[in-house]
Amino acid sequence: MKRFNLSIYIIAGFLLFFVSCRVTKDYQSPNINSKEYLRVNKDHSIDTLAEVPQIPWKSFFTDTLLQNYIEAALVENYDMKIAFERIEIAEAIHHQSKQAFLPNISGNVSVARSKLAFTQGFGIIDDVTQYDLGLSVSWEADIWGKLKSANKAQLARLLQSKAYQHAVQAALITNIASQYYQLIALDEQLNILQRTAENRKANVTSIQKLQTANVVNSVAVLQSQANQYDAEIAIFNVEKQIWEVENALAVLLGKSTAKIERTRFDEINDKSPLPVFESINAELMANRPDVIQAELAYRSAFELTNVARTQFYPSFTLTGAGGFSSFEFSDLFTENIGLFGNVAAGLFQPIFNKGINEANLKTAKSEQQIAFYNFEYTLLKAGQEISDAYNSFQKANLKIEKRVLQLEALSKSVDDTKKLLQYNSQTNYTDVLTSEQNLLAAEIGNVNDILEQKIALINLYRALGGGWNEN
């Protein structure tokens, strides 16, 4: 008994010595606040837009029909369903990693019937039956922080899966909104083309009357008819686009293709002013789910490097077993015959394992560095997306302002050329045709400008990290 107590004291002394040694490192977020990741127009005033990503999507998208589509998609969209399942997997793995701090306990119940050789039974016993009932326990002390680091790595992966789900949600919401507004813009283009086709059909009648009055020749009539057919052909192209976008939006909603109800174009035709800014730092970008996901991947790799470091140090384990074993069932639960038990403690240290630990550590360090590079690259891409989206938003607003002036000039040009055709013999119908085609192109362009403004605003909202915050 004294020897056993002495062994316990020695092991405890080693344990206290090991605990005093620090093997793993504490995680610190990458220091990237001093870097600039955004290209901007220096002519504008300064604003960080810090409040934009905090706007819940229900407040950002106020259209009731669009809100209903988004709510349905968050439940039925297959990418969202897959993202939720990934979270379930990560939660299960993280829960399992926390159990590593607890001892392993296993039980055993067995009955074995054995035929003995002559030499085994000494010529006396031919066969034997053995009854066993036992319980074994093993526990590894987390001296170097291996289990703790592994648990932190799995926690980071769990949070990473949730950040992935947020990224999927933000992308889904903005994609639905973009296609929804695209449908509204296509509806307006279709209305413009239908009105244009009707006007050009009436123009054909007018040109035919002018031909009868010898004001124009038959070529002008043919040109007016071709002009009418051109508008009618364009109608088919827009109707095809509407059909395809409706189907694509239905897929995002997780349902079979169907008619998509939407609001009118004149209800979305506003400027939606947004503050301008000069620079955005990494703190604001940190609200983006992909940036969060990238940093968590780096943190997971960091903790796995800690785990690889601990492999160079011995592991301390305690094991124990106890139960009952007997060749006679009646003696199984007796203390003097059937009861057995043992306790053991030990240190395990690999002496030579073909360089496996060293290779694992080098691999872990490289994986950690790769994760850090991915994190920095994600920040660069975030800056690009914000810059592009905001620049598109600015340019769309400028285009809309100029387009209003262009439409006014072209509308007047069409009216004037038509009047000149009736009262001035030197005016050619080609002038009318050209002015009408320019006006139609400008009207379609105006719709596209407003759509571009909406899409840029949506993209900026997503680029700044909005779209996944529902509160």
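In the block above lies the structure referred to throughout.
Residues numbered from 1 in each chain as written. Predicted model: local features only at pLDDT ≥ 70, side-chain atom pairs only at ≥ 80, totals over all residues. Heavy atoms only, no water.

**Some details on the packing of helix α3 (residues 64-76) against helix α5 (residues 146-212)**
Contact pair α3 / α5: the axes reach a minimum separation of 10 Å and the direction vectors enclose 140°. Once α3 is placed against α5, the crossing between them reads as right-handed. Judged by residue contacts, L65, L66, Y69, I70, A73 and L74 of α3 engage Q169, L172, I173, I176, A177, Y180 and Y181 from α5. Its residues assigned to classes, the contact of α3 with α5 comprises 12 nonpolar, 1 polar and no charged. (Axes fitted to C-alpha atoms, helices over the stretch in contact; angles between N-to-C directions. Helix = DSSP H or I, 4+ residues; strand = E, 2+ residues; numbered from the N terminus. Left-handed = near helix turned anticlockwise from the far one by under 90°. Contact = heavy atoms within 4.5 Å. Nonpolar A, V, L, I, M, F, W, Y, C, P; charged D, E, K, R; others polar.)

**Topic: the environment of D63**
Mapped onto the elements, D63 comes out in the loop between α2 (57-60) and α3. Considering only alpha carbons, one finds D63 and R262, 199 residues apart in sequence, at a separation of 9.1 Å. Once you skip the residues sitting within four places of it in the chain, D63 turns out to touch Y180 and T263.

**Let's talk about the packing of α5 against helix α6 (residues 218-252)**
Contact geometry for α5 and α6: axes closest at 8 Å, N-to-C directions at 165°. One element, α5, and the other, α6, form an angle in the roughly antiparallel class. Handedness of the α5/α6 crossing: left-handed. Considered class by class, the residues forming the contact of α5 with α6 number 21 nonpolar, 14 polar and 7 charged. (Parallel < 35°, antiparallel > 145°, perpendicular 65-115°, else oblique.)

**Notes on helix α8 (residues 289-310)**
Here α8 spans 32 Å end to end across 22 residues, near enough to the 32 Å set by a 1.5 Å rise per residue. By the criterion of burial, α8 is predominantly enclosed, with 16 of the 22 residues buried. (Expected span 1.5 Å × (residues − 1). Buried < 20%, exposed > 50% of the residue type's maximum accessible area, 1.4 Å probe, protein only.)

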